[in-house]
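For reference, the chains in residue letters:
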Amino acid sequence: MDYNYSEFLIETEVPEGEVIISRTDLEGIITHANDVFSKISGYSVDELIGKPHNILRHPDMPKSAFAHMWQSIQNGETWQGYVKNMRKDGGFYWVFAEISGVHKNGELVEYKSIRSPISRAKVLEMQKKYDAIKLAEKDTIRVVHYLSYNEYQKRALHIKG
Ligand SMILES: Cc1cc2nc3c(=O)[nH]c(=O)nc-3n(C[C@H](O)[C@H](O)[C@H](O)COP(=O)(O)O)c2cc1C
């Protein structure tokens, strides 16, 4: 993966009262993005349109969260949940997301999503919860580690950014 590690721990907060809006086709390809989405994610609206929505996927998110989300929206339900997303520069932002289908003449034609800011307490709670789920799912685990200067230099050769 091609992250910019220098920004990896930097959080962008969604300002109170602002909402991130997007729409996708039935495959999850972005067809509409509002300016707040662009501002918070670091991608221009043009960069977002036509891309799969997993362009924002953060490695801290458990796979099961999205499996459940897709199941719900394909069944015609609204899915609500907390999502950690990755910015273009490798930084992150947390949102409360509501994702659901859009119907025309009774037929499912696209999906829409609206996301709003969440509290500090919720961020801490959800980070712990998702870490525990990922551990239980034997998925990739985030590790914070101190290296000697020499070891760092050896490894830095493999890290971009
Ligand atoms: C309307 C809509 C909005 C979505 N929003 C996000 C999002 O903000 N972040 C995210 O990681 N995935 C989002 N997804 C889910 C992605 O399509 C994808 O399933 C997820 O990122 C997991 O990636 P993967 O399927 O490659 O494992 C959204 C899907 C839809 C239909």
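Not measured: the values here are computed from a predicted model.

Asker: Explain the overall build of the protein chain to me, please; I cannot follow it from the model alone.
Answerer: When you go through the protein chain residue by residue, the secondary structure sums to five helices and five strands. The order of helices and strands in the protein chain, counted from the N terminus, is β-β-α-α-α-β-β-β-α-α. Here the C-alpha coordinates of the protein chain stretch approximately 65 × 35 × 30 Å along the principal axes. Every one of the 161 residues in the protein chain was classed for burial, and the buried ones make up 35%.

Asker: Please explain the sheet that holds strand 5 (residues 107-116) as it appears in this structure.
Answerer: Sheets are built from strands that pair by backbone hydrogen bonding, the pairs being arranged parallel or antiparallel. Taken together, five strands build an open sheet; the order of strands is 2-1-5-4-3 and the sheet is antiparallel. Looking along the sheet, the strands with just one partner apiece sit at the ends: strand 2 (30-33) and strand 3 (79-86). Along the sheet, successive strands turn relative to each other by an average axial angle of 30°, direction set aside. Both strand 1 (residues 20-24) and strand 2 contribute to a ladder of three bridges, which runs antiparallel. Across the sheet, residue S22 finds its bridge partner in strand 2, namely A33.

Asker: When you look at a nonpolar patch on the surface in this model, what are you seeing that I'm missing?
Answerer: Nonpolar side chains collect at one region of the surface, where V19, I21 and I114 lie side by side and expose about 190 Å² of accessible area between them. Mapped onto the secondary structure, I21 falls in strand 1.

Asker: Honestly, the environment of T24 in this entry has me stumped. Any pointers?
Answerer: Relative to the assigned elements, T24 resides in strand 1. For the pair T24 and P52, spaced 28 residues apart in the sequence, the C-alpha separation amounts to 8.4 Å. With sequence-adjacent residues up to four places away left out, T24 is seen in contact with I29, I30, T31, H53, E110 and Y111.

Asker: How should the pattern of salt bridges be read in this particular structure?
Answerer: Note on pairing: side chains with opposite charge can pair once their charged atoms come close. Taken as a whole and assessed by the stated rule, the structure comprises 13 salt bridges. Between E125 and K122 there is a salt bridge; the shortest N-O distance is 3.2 Å. Of the two residues, E125 and K122 are both situated in helix 4 (residues 120-136); the distance of three residues between them amounts to about one turn of the helix. Under the relative-accessibility criterion, E125 is labelled partly exposed at 36%. Residues participating in the shared-partner salt-bridge network are D60, K84, D131 and R142.

Criteria and thresholds
- Residues numbered from 1 in each chain as written.
- Predicted model: local features only at pLDDT ≥ 70, side-chain atom pairs only at ≥ 80, totals over all residues.
- Heavy atoms only, no water.
- Helix = DSSP H or I, 4+ residues; strand = E, 2+ residues; numbered from the N terminus.
- Buried < 20%, exposed > 50% of the residue type's maximum accessible area, 1.4 Å probe, protein only.
- Pairing = 2+ DSSP bridges.
- Axes fitted to C-alpha atoms, helices over the stretch in contact; angles between N-to-C directions.
- Patch = residues over 30% accessible without salt bridge, like charges linked within 9 Å, V, L, I, M, F, W, Y side chains within 5 Å.
- Areas by Shrake-Rupley, 256 points an atom, 1.4 Å probe, with all protein chains shown as cover.
- Salt bridge = Lys/Arg side-chain N within 4 Å of Asp/Glu carboxyl O.
- Contact = heavy atoms within 4.5 Å.

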